Amino acid sequence: MGKNVFNNKQWIYAKRPEHRVGLEHYQLRESAIDDTLANNEVLIQARYISVDPYMRIQQHERRTYDVPHPLGIVQRAGVVAQVIASASDRFQEGDWVLGYNGWQLYDKCHANDLQKLDPENAPVSTALGVLGMPGRTAWFGLMEAGRPRPGETLVVSGAAGAVGSLVAQFGKRAGCRVVGIAGGAAKCAYLTDKLGLDGAVDYRAFSTPDALATEVQRQTGGVDIYFDNVGGMVSDAVIPLIKLRARIIICGTISQYDGGLDHPDLAPRVLQHMLFQRASIQGILARDFVHRMDEMRAIVAPWVKKREIVFDETIVDGFEQLPEALNMLFEGKNVGKLLVRI
């Protein structure tokens, strides 16, 4: 045993949910972990743990863009942590790091599995948000698949979320007229007042796709680029409004993740396959651009440092809150990136 022993807690993914995910689908496991390390091994303590919509995709039984998340292991997730012991020349005690270490308080991993963070350059939590996977998805999804041009109209669904709020701002910087779709008057006010969008539509105020489409058409006059994070009724309303040579980017179909992926409705059945197969209505996955993170950060990081871009976070405190925090994504309770702070 090493000099120090820590009480580790882990959320083990134990049962596949059919609908809403809850505590019954996880087991909270406690065990001892010490600071005995092999060469180039690092012991880290989690400070911020990510919850993301893709986790709910991985919990479905069938293969989507990857094999299902195995039962009986720690729920996978991105983590910002601090080094508490190191047998690597690359890391020292106290260093901030980013890793894919999952829902656990402590973890031993190889130094190659960690990326050092500089808290002087940006708040460390942004490594899970605007300067991490959501930022990568937003930037390359819009700029490469959307190919925005000045004067075009961009519509973003899920526009108050971690990805959507960044897509909307990137679109404004590209010279687009941007209209966001979100749930509730407060989020719509956030889109126009804080993010500076040209318009906002509260999808909850409409009971049918036709009624929603009428309002989107009124605010846009037609859609050149549709960046879709939600699928479902919203996409049924927006897609008929696209203009000639419009680009549709399928980033997510969150309306279907909460029990609908295995047996989807008609329209989302099409959208899911567009996402998973990256079809001609282009699906966009963050994993396709991991090797280009430096390219994205070179452009976006200066905006973050100068506070020229809004990167709001919804913070939930407490390791025990992780399963319920995941649920918040499907209840529309977050603005910007949702994180659990340890």
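About the thresholds
Residues numbered from 1 in each chain as written. Predicted model: local features only at pLDDT ≥ 70, side-chain atom pairs only at ≥ 80, totals over all residues. Heavy atoms only, no water. Axes fitted to C-alpha atoms, helices over the stretch in contact; angles between N-to-C directions. Helix = DSSP H or I, 4+ residues; strand = E, 2+ residues; numbered from the N terminus. Parallel < 35°, antiparallel > 145°, perpendicular 65-115°, else oblique. Left-handed = near helix turned anticlockwise from the far one by under 90°. Contact = heavy atoms within 4.5 Å. Nonpolar A, V, L, I, M, F, W, Y, C, P; charged D, E, K, R; others polar. Pairing = 2+ DSSP bridges. Buried < 20%, exposed > 50% of the residue type's maximum accessible area, 1.4 Å probe, protein only.

A.B. asks: Can you help me understand the packing of helix α2 (residues 133–146) against helix α3 (residues 164–173) in this one?
C.D. replies: Packed helices, taken two at a time, are described by their axes: the angle between them and the distance between them. One way to put it is that α2 packs onto α3 with a least axis distance of 9 Å and a crossing angle of 40 degrees. Relative to α3, the element α2 lies oblique. The handedness of the crossing between α2 and α3 comes out as right-handed. Across the interface between the two elements, Pro134, Gly135, Ala138, Trp139 and Leu142 from α2 touch Leu166, Val167, Phe170 and Gly171 from α3. Partitioning the contact of α2 with α3 into residue classes produces seven nonpolar, two polar and no charged.

A.B. asks: How do you make sense of the sheet that holds strand β11 (residues 199–202) when you look at a structure like this?
C.D. replies: One key point about sheets: their strands pair by backbone hydrogen bonds, in either a parallel or an antiparallel sense. Read from one edge of the open sheet, five strands run β11-β10-β9-β12-β13, paired in parallel fashion. The strands lining the two open edges of the sheet, one partner per strand, are β11 and β13 (242–250). Sheet twist, expressed as the mean angle between neighbouring strand axes with direction ignored, is 20 degrees. Along the sheet face, α2 touches β9 (153–157), β12 (223–228) and β13 and points at about 150 degrees away from the line of β12. Most of the contacts of α3 go to β9, to which it runs at about 170 degrees, and overall it touches β9, β10 (177–182) and β12.

A.B. asks: Sorry if this is basic, but what is going on with unusual backbone geometry here?
C.D. replies: One can expect most non-glycine residues to show negative phi and most peptide bonds to be in trans. Even without being glycine, Arg147 reaches a positive phi, approximately 45 degrees. Turning to its location among the elements, Arg147 is positioned in the loop between α2 and β9. Taking the relative accessible area as the measure of exposure, Arg147 reaches 43% and is therefore partly exposed. The residue Arg245 is not glycine, and still its phi comes out positive at about 60 degrees. With respect to the element layout, Arg245 can be found in strand β13.

A.B. asks: Would you explain the packing of α2 against helix α9 (residues 293–305) in this entry?
C.D. replies: One can describe the packing of α2 onto α9 by two numbers: an axis separation of 10 Å at closest approach and a directional angle of 100 degrees. Judged by the inter-axis angle, α2 sits roughly perpendicular to α9. Of the residues in α9, those touching α2 at Gly135, Arg136, Trp139 and Phe140 are Met293, Glu295, Met296, Ile299, Val300 and Trp303. Counted by class, the contact of α2 with α9 contains seven nonpolar, one polar and two charged residues.

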